[in-house]
Amino acid sequence: MADRYQNHIHQQGGGDSYGTYGEGGGPDGYGYQADYPSQEEDAASDATEGHDEEDQMYEGEYQGIPHPDEVKAAQRAARAKARPAGSTISDLEELSEQYEDIMEDCGHGKFQWTLFVVLGLALMADGVECFVVAFALPSAEKDLCLSNAEKGMLGLVVFLSMMVGAFLWGGLADKLGRRRCLMVALAINCVFAFLSSFAQGYGFFLFFRLLSGIGIGGTVPIVYTYFSEFLQMEKRGEHLSWLCMFWMMGGIYASFTAWGVIPRYGWGFSMGSEFQFHSWRVFVLVAALPAIMSLVGLTFMPESPRFLLENAKHDEAWMILKQVHDTNWRAKGQPEKVFTVTHIKAPKTAEDEFIEIQTATGTPVQRWAVRSLRICKLVLRNVASLLSAELRFATLFMAIIWFCMAFSYYGLSVWFPDMIKHLQHEEYESRLKTFHGERVENFQFNFSLENQIHREGEYIRDKFVGIEMKSVKFEDSLFEDCLFEDIRSTDTMFENCTIRSTIFYNTDLWKEKFIDCRMENNTFEHNKHGCHLDTTDENDVLVYLVSFLGSLAVLPGNIISALFVEKIGRVRIIGGSMLISAGCSFFLLLSFSQSAIIALQCLFCGVSAAAWNGIEVVTVELYPASKRATAFGVLNALCKLAAVLGSSIFASFVGITKAIPILLSFTALVCGGLVALRLPDTRQKILQ
């Protein structure tokens, strides 16, 4: 195709590093034809046959409503007038303005809404990933025999892997393409999420979730960059904010499916004692569906034309822009509208952009290695350029805002359910029953024992048959000639007890549950082995409900920010929302009940959503196309690092004090909000 259009590409004089795509040209340097080509007129003649000029009159003319084309022309004239007199426009600025004009002519319609859904599913997959391990862990810890340290590492690896993925895929998307990198990232996530559901050991499960997180970590930087490059300026802030709603839907989807799937213990199968596939593994599989659907949808979507123009792929960019134009206007019932662009200003790829090795000079592996090394160097160079003179302050301000917001948001997101669990545990312990010095002989316990402590008791010829022991502790007690049969226990132990001539048949009471006990002439038969059996049918539904409500509470914040981001401005949305969120966190000092904490969590999540939307829109608009995904990836990686620090620090204070986490959150949000108010207003800024 490049050869076909070779005669249409001309170099400008004076050593210009930009080329002009198409032929001819108007006085403004943009390639819009004054009249349609004759063949286009012939093609459109059938659609307009039988209509005279009066029938085609704009219907709003009599109401004094300006024609849309007149509005566009006025906007372009205003942008030209806004330039300082006598100033020269750079080639990059000329490309940016022309691209904006082209997107205005393409309109906003079917193509953008289709891409909106496809990319929204990818963003939804990112939201799901943040909750998968947290929801599956209570069941997985029994199934995989996890210690507290292993559980902590599993929760930590989710954010660390997403941090690596954001940095990696964000940088590559500026060099290899948005669509290409997003498809590879989602494919990696889908494959390793699938494999993790079948992993029977902790090591394999951790490894697969690590790679799954690296894949899904690239979605946020690429999705916003990709979608923004198909939007015109007046639609950009609103529709990027609507796109953020899919992350909320990911949290709702994860909470809802966990609530509906994990408690269903019958939804699984086993192949002997070595392979177990329980309901939490089904949940891990179901959680990967948004990523799979997005991956399928992306196969029908084109690459970003702005990326192609940045890499001097004029032909492909022109064809995609024509596809966007024709798709939108056909869907609006105006198929006769013709894509009239003939010139596209585009930079040439630098001669040293990529090094291609001739076939005779090396093997395919050597060529791949050199090319990969070259791409890595270009990505790192792009990262370093974020601290250049023109971008230094923007990067510093955005880094502070991203870090402060993520530290507070993710820290409190962990603190809320942990605090609720702590309050539940305190309430549970307040109902603890203590039995001291009891003597029971020839008695059969056919009822479950729960939340009890038995001290210095004597149990002679007693039978414990077919019962459940939950949170039961025997201290300094004597068991003689007793029978334990068909026992199922959770958090049950015997400490400093004497046990004589007692039979344990088909129980899960193994040696670890007898601490400093004297065992004399006892029998253990058909004991249940495997830590996955140390569980209970009851599930903490409140954990799912809290996460569900927190995700659902994001909806008002999303709607408000989408409706007012163009009217109020991104800066005020970010600064105001962060300061209001700081106030919400401060009021947590006055809350002492579960209901109050849940209510404040919902309020905090709703207000924070508006801040997140504004932050992501501004991040897209502050950076040029050649660095946009890289900058977003670096800042999103910093966000995940802040999430790790926030969740670790906040969780360590649960049950000790709530003042320190709340004050840390309040301070971070106030600092971030004040810095946000110093950002430039990007509402009327053309994407560079």
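Residues numbered from 1 in each chain as written. Predicted model: local features only at pLDDT ≥ 70, side-chain atom pairs only at ≥ 80, totals over all residues. Heavy atoms only, no water.

An unreviewed UniProt entry lists the chain under the name Synaptic vesicle glycoprotein 2B, with Nothobranchius kuhntae as the source organism. The annotation that UniProt attaches to the chain under Subcellular location (unreviewed entry) is "Cytoplasmic vesicle, Secretory vesicle, Synaptic vesicle membrane". (UniProt positions renumbered as here; feature names shortened; annotations may be inferred.)

Enquirer: Kindly report on the side chain of Thr225, identifying the contributing residues and their values.
Expert: Positionally, Thr225 belongs in helix H8 (residues 219-228). Taking the relative accessible area as the measure of exposure, Thr225 reaches 0% and is therefore buried. Leave out the neighbours within four places in its chain, and Thr225 touches Arg178, Arg628, Ala629 and Phe632. (Helix = DSSP H or I, 4+ residues; strand = E, 2+ residues; numbered from the N terminus. Buried < 20%, exposed > 50% of the residue type's maximum accessible area, 1.4 Å probe, protein only. Contact = heavy atoms within 4.5 Å.)

Enquirer: Residue-level account of unusual backbone geometry, with values.
Expert: With a phi close to 55°, Ser471 is a non-glycine residue in the positive phi region. Assignment of secondary structure puts Ser471 in strand E13 (residues 468-475). Take Ser471: its relative accessible area is 17%, and that puts it in the buried class. We note that Asp481 has phi near 55°; this positive angle belongs to a residue other than glycine. Along the chain, Asp481 falls in the loop between strand E14 (478-480) and strand E15 (483-490).

Enquirer: Describe the sheet that holds strand E8 (residues 439-441), with residues and values.
Expert: Spatially, five strands are ordered E8-E11-E14-E17-E20 in an open sheet, and the strand pairing comes out parallel. A strand with exactly one partner marks an edge of an open sheet, and here the two such strands are E8 and strand E20 (518-520). Taken over all neighbouring pairs, the strand axes of this sheet differ in orientation by 5° on average, direction set aside. Note that E14 and strand E17 (residues 498-500) share three bridges and pair parallel. Directly across from Phe479, in E17, lies its bridge partner Ile499. (Pairing = 2+ DSSP bridges. Axes fitted to C-alpha atoms, helices over the stretch in contact; angles between N-to-C directions.)

Enquirer: If you had to explain empty space enclosed by the protein to someone new, which residues and values would you point to?
Expert: This model, assessed by the stated rule, comprises three cavities of 30 Å³ or more. In this structure, the largest cavity occupies an estimated 260 Å³ of space. Counting only elements with at least two residues in the lining of the largest cavity, the list comes to helix H4 (110-143), H8, helix H9 (233-261), helix H15 (392-430), helix H17 (554-564), helix H19 (594-622) and helix H20 (628-652). If one sorts the elements of the lining of the largest cavity by residue count, H19 sits on top with five residues. Tallied by class, the residues present in the lining of the largest cavity amount to 13 nonpolar, three polar and three charged. Estimated volume of the second largest cavity: approximately 70 Å³. Lining the second largest cavity are Ala125, Val128, Glu129, Val132, Asn189, Ala193, Arg209, Val284, Ala287, Ala288 and Ala291. Among the elements of the structure, H4 and helix H6 (178-198) are those that each provide at least two residues to the lining of the second largest cavity. (1 Å grid on protein atoms, 1.4 Å probe; cavity = no way out; pocket = protein on both sides within 12 Å on 5 of 7 lines; lining within 4 Å. Points joined across faces, edges and corners; volume = space filled by probe spheres on them. Nonpolar A, V, L, I, M, F, W, Y, C, P; charged D, E, K, R; others polar.)

Enquirer: Outline a nonpolar patch on the surface, listing residues and values.
Expert: Taken together, Leu289, Ile292, Met293, Val296 and Phe300 make up a surface patch of nonpolar side chains, about 490 Å² in accessible area. Tracing the chain through its elements places Met293 in helix H11 (residues 289-298). (Patch = residues over 30% accessible without salt bridge, like charges linked within 9 Å, V, L, I, M, F, W, Y side chains within 5 Å. Areas by Shrake-Rupley, 256 points an atom, 1.4 Å probe, with all protein chains shown as cover. Salt bridge = Lys/Arg side-chain N within 4 Å of Asp/Glu carboxyl O.)

Enquirer: How would you sum up the packing of H4 against helix H13 (residues 314-331)? Please name residues and give values.
Expert: Two elements in contact, H4 and H13, have axes separated by 7 Å at closest approach and are oriented at 105°. One element, H4, and the other, H13, form an angle in the roughly perpendicular class. Along the contact surface, H4 presents Lys110, Phe111 and Gln112, while H13 presents Gln323, Val324, Thr327, Asn328 and Ala331. (Parallel < 35°, antiparallel > 145°, perpendicular 65-115°, else oblique.)

Enquirer: Can you break down helix H18 (residues 570-587) residue by residue, with the values?
Expert: Since the α-helix turns once every 3.6 residues, residues separated by three or four places project in the same direction. Taking 1.5 Å per residue as the helical rise, H18 with its 18 residues ought to reach 26 Å, and the 26 Å between its terminal C-alpha atoms agrees with that figure. Arg570, Val571, Ile573, Ile574, Gly575, Ser577, Met578, Ser581, Ala582, Cys584 and Ser585 are the residues of H18 that are buried. Each element contacted by the buried residues of H18 is listed here: H9, H15, H17, H19 and helix H21 (659-676). (Expected span 1.5 Å × (residues − 1).)

Enquirer: Residues and numbers for the pattern of salt bridges, please.
Expert: Pairing is possible between side chains of opposite charge, provided their charged atoms come close. In the structure shown here, the tally under the stated rule is 17 salt bridges. Among the salt bridges present, the one from Lys473 reaches Glu495, with a minimum N-O distance of 3.1 Å. Here Glu495 lies in strand E16 (residues 493-495) and Lys473 lies in strand E13, a separation of 22 residues in the sequence. Residue Lys473 is classed as partly exposed on the basis of its relative accessible area of 23%. Taking relative accessible area as the criterion, Glu495 reaches 28% and is therefore assigned partly exposed. Linking Arg570 and Glu621 is a salt bridge whose minimum nitrogen-to-oxygen distance equals 2.6 Å. Residue Arg570 is located in helix H18, and its partner Glu621 is located in helix H19; the two are separated by 51 residues in the primary sequence. Note on accessibility: Arg570 and Glu621 belong to one class, buried. Look at the salt bridges and you will find they share partners, linking Asp174, Arg178, Glu229 and Arg628 into a network.

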